[in-house]
Amino acid sequence: MTEAIRKVNVIGHLHPDTDSICSAMAYAYLKNQTGTTQYEARRAGTVSRETAFALKHFGFDEPALITSVAPQIKDTDISKLPAISSSTSLFAAWRLMKEIGAGTLCVIDEKNMLQGLIAIKDIANANMDILDDEGLTKAATPVTNILTTLNAKLLCGDENASLTQGHVRVGTSPEMMDGIIDACDVVLTTNRYETQNFAVSAGASCIVICNGASPSDVVLQSAKERGCIVITTSYNTYAAARLISMAVPVRACMLSAEKIIRFSVNTTVDDAKKTISQTGHRFFPVLDEDGSYVGVVGSANMLKIKKKHVILVDHNERSQAVDGLEQAEIMEIIDHHRIGSIETSSPALFRNMPVGCTSTIIYGMYKEAGVEIPKNIAGLMLSAIMSDTLAFRSPTCTHLDVDAGKALAAICGEDIPTYSDAMFDAGADLTGRTAEDVFNGDFKVFSRGKAHFGVGQASFMTESSRKAAEALVGPYLKTGAESYELPMVFYMFTDVKSKTTEMMFWGEDASEIATIVEQAFGVKPVDGMAVLKGVVSRKKQIIPPLMSLLQDSEHEN
């Protein structure tokens, strides 16, 4: 039987740009209109200021962050083991363990929060501690626990009370009890009037009358006057003496919560397996996002794992995807870049078109499905197309991008030049930003064979904003390359209106990188920068010549 799909994450690439975010949201909306499965757009990194502007302008919050699609504890068959309260008696806990075939129970409070863990060995240890005659009272044992453990009946006293002082004694005769029974003791007696009366008179807090016997009216009246609890049980004195210690609440013997190894539903299966292999425990409590108890897992629960289902938009390079992708089920890929390195374990819908923006492809899919595009979704898709095509100025822009952009602008009621200028200006604002922030705003890693490098890009409407960004990011290029473990990085500072890119670069051998740039673009760099007139597209004008040159160099070596 095919496994039911619970949810599908629609995800763009790392360091998401406006197309990556907006296309994921637009495609998730389309999929939710055409099926019963739940589709949810997610972001794989921090949104840029340009993207944040678009989202706010059209009334959206940014999608939830996702950093990995590796299976988590929530994707396993969590055992729904019942939990108990801390006031549950050891006897009741033991009976439940026997009933459900478990050797461990989790202890929770009234809000379902984990308080501790009680194991069968803890109950056995308590039962064997025969010299501890204060355990019942030190644990503040509720009277109700004694009643249920001894299958007893309350004849006198408050069943909601707890026993907090004294020892547990067995009363045989007044002569033997004299000097042994102290105030607040719990005394087990037979059916003899003298024994019962002496225990009450000596100040016992509770007497347990065994063999199903009933006290006289005189004893009951005396007990009421002295505040003594009177209980009768059908068990004989021997059985009652053995069982009464099992009325102790589990809180007295449990392992406290802070000492327990537990998992969150969001813990990855790989991390959980490592923990399980390093400990001798069989079961581990599982808590949800709010810290509430949901069940337990062990090695057996890791045998059947439900893969996460994902749709990738605006990328098909493994280096640009979230972690754990090889452990997920890729259902679809919607992209407009070169076909890269991602592999799928089973056939998947792969829609790749040579257009300037992923949202252009998705716009066509709305038309094919006959789904009306809401005004706000149209705004997102327009933002993506304006961003990726630099408001139709990029050489990657096709007539399909132009047609889609104009149609979407009509739906959302935006003037294309006015809106795109405002969006680009928002993205170029450097107020409060760090070099690292700007560098990672739109940075991608590219690999093929031994060719391994990164290219970032930022677009600007004014010279002053572009120069300010260059001054901020330029000194950071070396640090940025080291953070990605790259031998070389390039960064495009693109003037949208003049269609010119000033490209800065860094490599371990500065002269070698300068030579690579000169050979790839026919421009001699000056002071670590190459001015590339008419170059605005990373995908079409930067990556192909760099990749070709670096691969040729690899073959020569």
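Parameters at a glance
Each chain carries its own residue numbering, running from 1 in the direction its sequence is written. In view of the model being predicted, local features appear only for residues whose pLDDT reaches at least 70, and side-chain atom pairs are presented and counted only at 80 or more, with totals across whole chains, interfaces and linings using the full set of residues. The basis for every side-chain value is the complete set of non-hydrogen atoms in the structure, without hydrogens or water. UniProt positions are given in the numbering used here, feature names are shortened, and annotations may be inferred rather than shown by experiment. Each helix corresponds to a stretch of at least 4 residues labelled H or I by DSSP, and each strand to a stretch of at least 2 residues labelled E; elements are numbered beginning at the N terminus. Buried, partly exposed and exposed residues are distinguished by accessible area as a fraction of the type maximum, computed with a 1.4 Å probe on protein chains only: under 20%, between the cut-offs, and over 50%, respectively. When checking whether two residues touch, look at their non-hydrogen atoms; a contact exists if any pair is within 4.5 Å. Methods summary: accessible areas were calculated by the Shrake-Rupley approach with a probe of 1.4 Å, and residue burial reflects only the protein chains presented. Working convention for charge: Lys and Arg count positive, Asp and Glu count negative, and His plus the chain ends are omitted. To locate a charge, take NZ of a lysine, CZ of an arginine, CG of an aspartate or CD of a glutamate. Here, strands pair whenever DSSP counts at least two bridges between them. Axis angles are defined between N-to-C directions and span 0 to 180 degrees, where every axis is a line fitted to C-alpha atoms and, for a helix, only to the segment in contact.

- Per an unreviewed UniProt entry, the recorded name for the protein chain is inorganic diphosphatase, and the organism is Fannyhessea vaginae DSM 15829.
- As stated in UniProt under Catalytic activity (unreviewed entry), the record for the protein chain gives "diphosphate + H2O = 2 phosphate + H(+)".

### A word on the overall build of the protein chain
Moving on, step 1. Counting its regular elements, the protein chain contains 20 helices and 25 strands.
Moving on, step 2. For the protein chain, with 557 residues in total, the buried portion stands at 51%.
Moving on, step 3. In the protein chain, the share of contacts with a sequence separation of at least 24, taken over all contacts with a separation of at least 6, comes to 63%.
Moving on, step 4. Total accessible area computed for the protein chain in this model is approximately 25,400 Å², and 51% of it derives from carbon and sulfur atoms.
Moving on, step 5. Both charge centroids of the protein chain, one from 51 positive and one from 67 negative side chains, sit 3 Å from each other.

### Quick notes on helix H3 (residues 90-100)
Moving on, step 1. Of all the positions in H3, only Leu90, Phe91, Ala93, Leu96 and Met97 are classed as buried.
Moving on, step 2. Taken together, the buried residues of H3 touch strand E4 (84-85), strand E5 (104-108), strand E6 (114-119), helix H4 (120-128), helix H6 (143-149) and helix H10 (237-243).
Moving on, step 3. Directly beyond the C-terminal end of H3, a positive phi value near 70 degrees is found at Gly101.

### Notes on the sheet that holds strand E17 (residues 293-297)
Moving on, step 1. Pairing is mixed in the open sheet, where 3 strands are placed in the order E15-E16-E17. Because the sheet does not close on itself, it has two edges, and the strands there are strand E15 (263-264) and E17.

### Some remarks on the sheet that holds strand E10 (residues 168-170)
Moving on, step 1. Sheet architecture is open: 5 strands sit in the order E8-E13-E12-E11-E10, paired in mixed fashion. The open sheet has two free edges, formed respectively by strand E8 (153-156) and E10, since each of these has just one partner strand. Taken pair by pair, the neighbouring strands of this sheet meet at an average axis angle of 25 degrees, ignoring direction.
Moving on, step 2. Along the sheet, helix H8 (residues 193-201) makes contact with strand E11 (186-189) and strand E12 (206-209), crossing E12 at roughly 165 degrees.
Moving on, step 3. The strands touched by helix H9 (residues 217-226) within the sheet are E8, E12 and strand E13 (229-232), with E8 carrying the most contacts at an inclination of about 75 degrees.

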